Each structure stands twice: as C-alpha cells, then as structure tokens.
Amino acid sequence: MHQDLINCKLCLRLTKWCQTVAKEKRAAYTGETYWGRPVPSFGDSKARILIVGLAPGAHGANRTGRMFTGDRSGDWLFGALHSVDLASQPTSVSRNDGLKLNDTYITAVVHCAPPDNKPTIEERDRCLPYLVQELEELRNVRVIVALGSFAWDGTLLALNQLELTTKPKPKFGHGVETMIGPYHLIGSYHPSQQNTFTGKLTKPMLRSIFERAKTISSTAGSRRPSRSSLAPRA
Ligand code: SF4
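This one's a predicted model, so the numbers in the text were calculated from it and none came from an experiment. (Residues numbered from 1 in each chain as written. Predicted model: local features only at pLDDT ≥ 70, side-chain atom pairs only at ≥ 80, totals over all residues. Heavy atoms only, no water.)

J.: Help me understand the packing of helix 4 (residues 72–83) against helix 8 (residues 203–219) in this model?
T.: The geometry of a pair of packed helices is captured by two quantities: the angle between their axes and the separation between those axes. Axis separation between helix 4 and helix 8 bottoms out at 9 Å; the angle between their running directions is 55°. Classified by the angle between their axes, helix 4 and helix 8 sit oblique to one another. The handedness of the crossing between helix 4 and helix 8 comes out as right-handed. Contacts from W76, L77, A80, L81 and S83 of helix 4 reach helix 8 at K203, L206, R207 and F210. By residue class, the composition of the contact of helix 4 with helix 8 is six nonpolar, one polar and two charged. (Axes fitted to C-alpha atoms, helices over the stretch in contact; angles between N-to-C directions. Helix = DSSP H or I, 4+ residues; strand = E, 2+ residues; numbered from the N terminus. Parallel < 35°, antiparallel > 145°, perpendicular 65-115°, else oblique. Left-handed = near helix turned anticlockwise from the far one by under 90°. Contact = heavy atoms within 4.5 Å. Nonpolar A, V, L, I, M, F, W, Y, C, P; charged D, E, K, R; others polar.)

J.: Can you walk me through the pairing of strand 6 (residues 183–188) in this structure?
T.: Along a regular strand, successive side chains alternate from one face of the sheet to the other. Burial of strand 6 is extensive: six of the six residues sit out of reach of the surface. Neither face of strand 6 is exposed, since Y183, L185 and G187 on one face and H184, I186 and S188 on the opposite face are all buried. Two strands pair when backbone bridges link them, and strand 4 (residues 143–147) and strand 6 are joined in this way by five bridges, in the parallel orientation. From the neighbouring strand, L147 faces strand 6, where its bridge partner is S188. Bridge analysis of strand 5 (residues 177–180) against strand 6 gives four bridges, and the strand direction is antiparallel. Along strand 6, the bridge assignment pairs M179 with H184. Hairpin connection of strand 5 to strand 6: two residues between the antiparallel strands, including G181 at a positive phi of 55°. (Buried < 20%, exposed > 50% of the residue type's maximum accessible area, 1.4 Å probe, protein only. Pairing = 2+ DSSP bridges.)

Remember, this is a structural readout, not a statement about activity or role.
Structure, rendered in structure tokens:
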C-alpha cells in the first residue's frame, strides 16, 4: 500500500502543490531535498492505538517524508507520545532519526500537503480509501485518536465504509469519546500552532488524551471479522 500511495497522483491540485512547495522551499530549508509527494503512514504495524491527523504540513511532512515530522505540530505530538511511553523519543526531525512508535500508528485523512492546510471535500473523499484500507489491515487497533474535527469526520466516514456507524453522528470535541463497532474513538484538538499558540490546547491536555488511549487500549475487547480491502477511487 505504501508504494501505491507514494506514487498516487489522483488529486491534481495537491500533486502540483506538493511539487511546487518542494521546489520553492522555505528559506530555512533551502539546502534540503523535499519529499514533495504523498506521505505514507508509519508506526507499529501491531498497534492498538491509531492516530489520525488532517494532512501533511507543507514544510514538515512534505519536506521530511514522514507524518508529523519536522514541524511544530510534530514537536507537540511526539512530546506527548514520549511522555506516556508511546514514542521512543520526544522529537521527530527526519525519517532517519531513529524514532520508534510503541503500540501506535500514525496516519492522516489526506496524504498530500494541501494549500493553507485545507483539503477540499473531493480530495478527502478521494484519499479516504487509504484510511479504510489501513483500518482493515491494522488488525489490533482498538483506539482511534482523531486530531481535529477534519480527522474526526474523516474517521467516521471511513468507519461508515466498513459498515460501522453510530447515530446520531457524534460531535467532535476535545476529550469526547464514543464507541463505534470495536473501536473506541477519542477526539483531540489538533496540535497545530493555531491551537497551541492560543492556549486552546496545552501540553497536559494533549498528554491526557494519550494516557486515556493507553488505558483503554490495554483493556479493550477483540476485533470484528475481516472484510476485503478497498482500493482508492479515481
Ligand atoms: S491526497 Fe491522497 S488520493 Fe489525493 S493524490 Fe494525495 S495520496 Fe492520492
């Protein structure tokens, strides 16, 4: 799946944007070769905790080629994960920095960096089959942490494609929890600068989300039967 994803060009606008950012670069990174393509997920393939983000950052994951790697959002995320022993180190600066995730896997609803961090609904829907496929393949996942309302909605849609629904649709909020099929879904504010600079999200708030995810994952029940994998739509 990773190789298919890395070569995916279904979204023309995003493909061009990733390449343009990679070519023009930010002044601080002029000496670096940007990844400039769809960013694959990463982590422990036997993970019980799945973290779903929005999309790669233009000068973070789109530069380094690894989710939440090389930007401030990643500093917050991996700082929190390390504080509860879900990551081997509190920093994530490059694909080769030795970081290992423990019982945790990180993906995003959209795998290409979007302008202004805002994918369109059509781009989200085009990329969603990758998340559906991951949910199918990561057989041990019990807890899903959605970072932000876009990830929350995308996760609900992906679960819906696996015929897992709950009514009424649960509303996103920080610390909101809901059960959908075998999954325990937890909402968290996204560790974007928009939230961290304003104090909407603090380090203790983010840490408590992963403490909770760890606690639930260690006691959650078994998974549903497998279903055939879905391929991305053109
Ligand atoms: S956003 Fe997803 S579907 Fe669109 S080009 Fe990137 S990887 Fe492909």
